[in-house]
Amino acid sequence: MKEFIISVVPTNNPAILKFETNHFITKNNNYEFKNIDDAKNSPLAQQLFYLPFIKTVYISGNFIGLERYNIVEWDDVKDSVAQQLVDYLNAGEPVVIEEESTKKVAVTVYAEVTPNPSVMKFVANKKIVPTTFEFKNIDDAKDSELAKQLFMLPFVKEVFFDENYVSINKYDVAEWEEITFELREKIRDFLADGKEVVSAGSIQKQNTEAPKAKLQDENLDDTSKQIIDILEEYVKPAVASDGGNILFKSYEEDTKTVNVILQGACSGCPSSTFTLKNGIETMLKNMMGDKVNEVVAING
């Protein structure tokens, strides 16, 4: 049975708080309930409306959004609400009673070039996975039906998933103009059928081993934690826009070397060395002074 964990995330609206879950709680739909009558198909929302300060309940793939009345402040009640949600979800109670439907989900997918000529980025208009996944071959893809289907195509070399896109690394046997339409349609059809991109078990394992969790690792030195913080805040958003990802691997104090792993479009990209040296390395040197001498990609 899945074990749910709740993370409380503030929003731009001080009246609304997001309670993110480590598992998907709905299949494909977003729900908004203004009152307990609206929530007739959501036992969870009905229970939340018994709290006198709840004004609106939003339920989506991996979060519950709650809007409060001004009679309370979130700081006074957020912990008890989070605990109530954890208890409810871990009891296996239904979140939303979703009607089974054969109708396809409205999904659009467009292709986007990346700095790596061997990699194309296919961007969806919805969230497809909660975190990054990289598959080097079909054996790696045992927990992803979509990745397995893509590897069935002879020109697909590697597959990388991020929140709302798929990066595909191809073999030189095919040109992008020959295969882009086929790939885009295969990905769009898979998502439109509402299928699970990566199995829930694999998502849970990935969340447990996620690089961000390393920030809390007591075995890491302060310099490593600082490097991770900089990579997360300044570097990852930039490389994600190019269809890739960067992971902190280790810091060698004696040589002041930072070892990283490049994924997706960044892995094997001809321009990645330039980016690594003139972008990431320069940034870390400027922000951390003489603590960093070199940044090395151990897989590129």
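Each residue is numbered by its place in its chain's sequence as written, counting from 1. For this predicted model, a pLDDT threshold of at least 70 governs which residues receive local features, and a threshold of 80 or more governs which side-chain atom pairs are given and counted, while totals over whole chains, interfaces and linings are taken from all residues. Hydrogens and water molecules were not included; the side-chain quantities draw on all heavy atoms of the structure.

**Here we look at the overall build of the chain**
In step 1: Secondary structure follows DSSP: runs of H or I at least 4 residues long count as helices, runs of E at least 2 residues long count as strands, and numbering of each begins at the N terminus. Each helix and strand counted, the chain has seven helices and 13 strands in total.
In step 2: Here the term buried applies to any residue with accessible area under 20% of the maximum for its type, exposed to any over 50%, and partly exposed to those in between, with areas from a 1.4 Å probe on protein chains only. Within the chain, buried positions represent 46% of all 300 residues.
In step 3: Taking as baseline every contact in the chain between residues at least 6 positions apart, the subset at least 24 positions apart corresponds to 58%.
In step 4: Throughout, the Shrake-Rupley method with a 1.4 Å probe supplies accessible areas, and for residues the shown protein chains are the sole cover considered. Looking at the chain as shown, the accessible area adds up to about 15900 Å², and 48% of this sits on carbon and sulfur atoms. By definition, residues are in contact when any of their heavy atoms lie within 4.5 Å.

**Topic: unusual backbone geometry**
In step 1: Of note in this structure, K256 is not a glycine but carries a positive phi near 55°.
In step 2: Its location among the elements puts K256 in the loop between β11 (244-252) and β12 (257-264).

**Observations regarding the confidence of the model for the chain**
In step 1: Summary of the metric used: pLDDT quantifies the predictor's per-residue confidence within the range 0 to 100. Here the chain averages 84 in pLDDT, and 85% of its residues register 70 or above.
In step 2: This stretch, residues 211-216, has a pLDDT under 50; its non-local contacts, to residues over four places away or in other chains, come to eleven contacts.

**Here we look at the side chain of S167**
In step 1: With respect to the helices and strands, S167 occurs in strand β10 (residues 165-170).
In step 2: Setting aside chain neighbours within four positions, we find S167 in contact with V119, M120, K121, E158, V159, F160 and G243.

**Focus: helix α2 (residues 74-90)**
In step 1: The terminal C-alpha atoms of α2, which comprises 17 residues, lie 23 Å apart, in line with the 24 Å expected from a rise of 1.5 Å per residue.
In step 2: The set of residues buried in α2 consists of W74, V77, V81, A82, L85, V86, Y88 and L89.
In step 3: Buried residues belonging to α2 abut β1 (6-10), β2 (16-21), α1 (43-48), β4 (54-60) and β5 (63-68).
In step 4: After α2 finishes, the residue G92 shows a positive phi value of roughly 80°. An expected span of 1.5 Å times one less than the residue number is assigned to each helix.

**Details of the layout of surface pockets**
The rolling of a water-molecule-sized probe over the atoms marks out the regions of remaining empty space.
In step 1: Taken as a whole, the second largest pocket spans an internal volume of roughly 760 Å³.
In step 2: Here a cavity means grid points, on a 1 Å grid over the protein atoms only, where a 1.4 Å probe fits yet cannot get out; a pocket means an open set of points with protein on both sides within 12 Å along at least five of seven lines; lining residues are those with an atom within 4 Å of a point. Lining the second largest pocket are 32 residues, and of these F24, I25, T26, K27 and G61 sit closest to its centre.
In step 3: Only Asp, Glu, Lys and Arg are considered charged, only Ala, Val, Leu, Ile, Met, Phe, Trp, Tyr, Cys and Pro nonpolar, and every remaining residue, Gly among them, polar. Per-class residue counts for the lining of the second largest pocket are 15 nonpolar, nine polar and eight charged. Grid points are joined across faces, edges and corners, and a volume is the space filled by probe spheres set on the points.

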